[in-house]
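# Descriptive structure summary
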Amino acid sequence: MHKNWIAGEWIGASNVQQNINPSDLNDVVGEYVRASADEVEAAVSAAYQAWPNWSLSTPQQRFDALDFVGTELLARKAELGELLAREEGKTLPEAVAEVARAGQIFKFFAGEALRITGDAVASVRPGIQVEVTREPLGVVGIITPWNFPIAIPAWKIAPALAYGNCVVFKPADLVPGSAWALAEIISRSGLPGGVFNLVMGRGSVVGAAFIDDPRVTAITFTGSVGTGHGILQQAAQKQKKVQLELGGKNPLVILDDADLETALDCAIQGAFYSTGQRCTASSRIIVEKGIYDQFTDTLAKRTAALRVGHALDANTQIGPVADASQLQQDLDYVKIGQDEGAQLLCGGQTLEGKTPGYYFSPAVLAHATNDMRVSREEIFGPVATVIKADDYDHALALANDTEFGLSSGICTQSLKRATHFKRAIQAGMTMVNVPTAGVDYHVPFGGRKGSSYGPREQGRYAQEFFTIVKTAYTKA
């Protein structure tokens, strides 16, 4: 039984949930305790009591703890990658790479703990010195989704600790295993009791407590649009600092002059790998009319040839979807798209595997329009619509015609078009001739419009959320 980590102790014995492998429904990954309201309160109390001392900890203390975590994650990436693949369903190579990324993130923010800077500014008044410094916020509530069960926790927990905050961490209820493994490593990193706390469980219990408790200064959340909006509205009434990453309906524009192999690779990688369960997935593929038929036909053939199977099978390219509700959502959207007039070229069906699991064949919906629900709503699965554009200007207009603005991409050999697209696309991230779903850990991550709220995640820009600025005036 895997317990919660609260005030430097493993706590909890009741209300246990089973973590089921979506590749094999007979495989129980583990049993994990769900936190009660009292246990969440205890975790917040522990963090609040630990914060005064931790906020004054030295950069070396923070570096040592974060570097320890990063080193162990990298050393155990094969083992923890297998755990991640079992509980979430992404293929083993993707899972191992995700654990490695989590390790790299902790290493990066270990270094950032040594590089917290400020400014010394000349005052407009004589004899006065002005200093601008960054200080930690206090207790940060962290809520993460199921699709990246160790990388997203890493890129929230590591900067929170690096900048001197205390953490109360709630992972997705669907995938507690990787989060628990990360917490277990953190528990041995030398952090004082209460600085980091793990509370697994329902959002209605844990997340609600983060919002209601005045000792929680800030909340960082990645997840669904509806839940994020609810957090923002309630937290605003209590003047809490909020950071939201909510989703995307990301366009990949393919122009007539694109290298076909590059474009196909970008589309397939971006739309279908990680089972399409990425907020940065290329769910809208916008193709200029001169190559639309050729591109779409080839895309459908290559998509149909993708090997769907058990996440740990070396031959598998696409693992199962995460659970039964996500599988049903994928099936429902394929039907919605067909009812709206899109043509299903391949996939969109449940599959039988060697073991019972949530297997689904990646779907290509061609001859879609940008006003269809399948082109506007986030499906969060391996389902892509292909939309025809008259020319570059039309393609750009279609790409920007969405309530989201997370990631975007263009495939072209024209420097002029690529340069214009990078400036004109209304998204927080954009890629030229590379998939939309692939980002580095040391640069900002985030979007515009309905995709994000608050400062960026990752890289040095993470300090904008996890610190507050103080201005000090001194007259000698």
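A brief look at the structure comes next. (Residues numbered from 1 in each chain as written. Predicted model: local features only at pLDDT ≥ 70, side-chain atom pairs only at ≥ 80, totals over all residues. Heavy atoms only, no water.)

Spanning 13 residues, helix H8 (residues 225-237) covers 19 Å between terminal C-alpha atoms, matching the ideal 18 Å at 1.5 Å per step. Among all positions in H8, only Gly228, Gly230, Ile231 and Ala235 are buried. Each buried residue of H8 sits inside an arc of 160° when the element is viewed along its axis, so together they form one side. In H8, the exposed positions that point more than 90 degrees away from the buried face belong to Gly226, Gln233 and Gln237. Once H8 finishes, Gln239 follows within two positions and takes phi at roughly 60°, a positive value. (Helix = DSSP H or I, 4+ residues; strand = E, 2+ residues; numbered from the N terminus. Expected span 1.5 Å × (residues − 1). Buried < 20%, exposed > 50% of the residue type's maximum accessible area, 1.4 Å probe, protein only. Arc of directions from axis to C-beta.)

Empty space within the largest pocket amounts to approximately 1,100 Å³. In terms of lining, the largest pocket is formed by 43 residues, of which the most central are Pro145, Trp146, Ala172, Gly223 and Ser224. Of all the secondary structure elements, the ones that give two or more residues to the lining of the largest pocket are strand S3 (16-21), helix H7 (206-212), strand S10 (216-222), H8 and helix H11 (324-340). Across the lining of the largest pocket, the residue classes break down as 18 nonpolar, 17 polar and 8 charged. By volume, the second largest pocket is sized at about 430 Å³. Lining the second largest pocket we find 22 residues, and of these Arg101, Phe148, Arg278, Ala437 and Gly438 sit closest to its centre. Looking at the lining of the second largest pocket, the elements with two or more residues in it are helix H4 (92-113) and helix H5 (151-162). The dominant element in the lining of the second largest pocket, judged by the number of residues it contributes, is H4, at 4 residues. Considered class by class, the residues forming the lining of the second largest pocket number 10 nonpolar, 5 polar and 7 charged. (1 Å grid on protein atoms, 1.4 Å probe; cavity = no way out; pocket = protein on both sides within 12 Å on 5 of 7 lines; lining within 4 Å. Points joined across faces, edges and corners; volume = space filled by probe spheres on them. Nonpolar A, V, L, I, M, F, W, Y, C, P; charged D, E, K, R; others polar.)

Strand order in the open sheet formed by 7 strands is S14-S15-S16-S13-S12-S17-S18, with mixed pairing between adjacent strands. For this open sheet the edge positions go to strand S14 (343-346) and strand S18 (431-432), each flanked by a neighbour on one side alone. Its contacts with the sheet put helix H10 (residues 292-304) on strand S12 (251-254), strand S13 (284-288), S14, strand S15 (363-368) and strand S16 (383-389), and the angle it makes with S15 is roughly 165°. Here H11 sits on the sheet in contact with S14, S15 and S16, set at roughly 25° to S15. (Pairing = 2+ DSSP bridges. Contact = heavy atoms within 4.5 Å. Axes fitted to C-alpha atoms, helices over the stretch in contact; angles between N-to-C directions.)

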